[in-house]
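Here is how the chains run, residue by residue.
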Amino acid sequence: MTGADVLLLALGALAVGSGVLVVATRHLVRAGLYLVLCLGALAGMYLVLTAELVAWVQVLIYVGAVVVLLLFAVMLTRAPIGASDDLDRPGWAAALVGGGTGLGLAALLVDAYRWTAVELPEAGTAERLGDQIFRSWVLPFEVLSVLLLAALVGAIVISRPDIGRPKAARSRTGGPGPGGSGTAVGGGRPGDDGGRSR
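Conventions adopted
- Residues numbered from 1 in each chain as written.
- Predicted model: local features only at pLDDT ≥ 70, side-chain atom pairs only at ≥ 80, totals over all residues.
- Heavy atoms only, no water.
- Helix = DSSP H or I, 4+ residues; strand = E, 2+ residues; numbered from the N terminus.
- Buried < 20%, exposed > 50% of the residue type's maximum accessible area, 1.4 Å probe, protein only.
- Contact = heavy atoms within 4.5 Å.
- Areas by Shrake-Rupley, 256 points an atom, 1.4 Å probe, with all protein chains shown as cover.
- Phe/Tyr/Trp six-rings, centres within 6.5 Å; stacked < 30°, edge-to-face > 60°.
- pLDDT = per-residue confidence, 0-100.
- Salt bridge = Lys/Arg side-chain N within 4 Å of Asp/Glu carboxyl O.
- Patch = residues over 30% accessible without salt bridge, like charges linked within 9 Å, V, L, I, M, F, W, Y side chains within 5 Å.
- Expected span 1.5 Å × (residues − 1).

The secondary structure content of the chain amounts to seven helices and zero strands. Reading the chain from its N terminus to its C terminus gives the helix and strand order α-α-α-α-α-α-α. Taken across its 198 residues, the chain has 12% of its residues classed as buried. Looking at the chain alone, contacts between residues at least 24 apart form 58% of all its contacts between residues at least 6 apart. A total accessible area of about 14,900 Å² is found for the chain, and carbon and sulfur atoms account for 69% of it.

See the structure below:
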């Protein structure tokens, strides 16, 4: 076992451990920070595998953009920063499914490769990666961008409680709309009937 193998095992353990903490913690912000740690460990594994370009793309896009978008959505929707009781649910079903999936993938990889050495392909370049993204993978790339845009628009809509409510309800609560000045109709001073009383 070489030093690269030891480093890969350590980074893999760090990625798995931080991934478990992402779904196990009751704090949304801490879950986002654990996600940063998990994605950073994956970037380190790419570096060990001599895929430097993919590693830095992982850092720039996922750590620098997706996680920031996640934290921005949490703050925009005014979600509770501290512990949330809604996240404290029995996790035995998720643990069973996740553990079964992990054991199945591990058994599949062990059966496929055993302990044979795998030749590494030629190191990728920015030119080759760009050619693959904008030729073979352009449709998933655009779908992902639309998905992120929809998530941001959804966070904005959720943070605005007056969007989608009837106009009558907005006017009763003082929101924008016809007569929505924060007072009920005819709610002037006692004895004031609009200046028509004599």
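Here we take up the packing of aromatic side chains. Evaluated as defined, the whole model comprises one aromatic pair. Measuring from ring centre to ring centre gives 5.7 Å for F134 and F141, while their planes differ by 70°; the resulting arrangement is edge-to-face. Judged by relative accessible area, F134 falls into the exposed class, the value being 53%. Residue F141 is classed as partly exposed on the basis of its relative accessible area, which comes to 38%.

Per-residue confidence for the chain averages 75 on the pLDDT scale, and 69% of its residues sit at or above 70. Helix α7 (residues 167-172) is the least confidently modelled element of the chain, averaging 59 in pLDDT, while helix α1 (residues 3-24) averages 89, the highest of any element. When the criterion is pLDDT under 50, residues 177-198 qualifies, and its contacts beyond four places in sequence or with other chains add up to eight contacts.

If a residue is not glycine, its phi is most likely negative; likewise, a peptide bond is most likely trans. The phi dihedral of T50 falls on the positive side, at around 60°, and the residue is not glycine. Tracing the sequence through the fold places T50 in the loop between α2 (28-48) and α3 (52-76). The class for T50 is partly exposed, based on a relative accessible area of 42%.

Applying the stated criterion across every chain, the model contains one salt bridge. R135 is paired through a salt bridge with D131; the nearest N and O atoms lie 2.5 Å apart. Here R135 falls in the exposed class, since its relative accessible area comes to 64%. Given the relative accessible area of 34%, D131 is considered partly exposed.

With that settled, consider a nonpolar patch on the surface. A cluster of nonpolar residues, L53, V57, L60, I61, Y62, L144, L147 and L148, forms a patch on the protein surface that exposes about 680 Å² of accessible area. At the level of elements, α3 and α6 (138-159) are the ones that each hand at least two residues to the nonpolar patch. With five residues, the top contributor of residues to the nonpolar patch is α3. Positionally, L148 belongs in helix α6. Overall, L148 belongs to the partly exposed group, its relative accessible area being 33%.

Once that is clear, we can look at α2. Under the 1.5 Å per step criterion, the end-to-end length of α2 is 31 Å for 21 residues, consistent within 8% with the ideal 30 Å. Listed in full, the buried residues belonging to α2 are A31, G32, C38, L39, A41, A43 and G44.

With respect to the secondary-structure elements, S18 resides in helix α1. What makes S18 buried here is its relative accessible area of 3%. With residues up to four places along the chain from it excluded, the contact list for S18 reads Y34, L37 and C38.

With that settled, the discussion passes to the side chain of T25. Along the chain, T25 turns up in the loop between α1 and α2. In contact with T25, not counting residues within four places along its chain, are R30, A31 and Y34.

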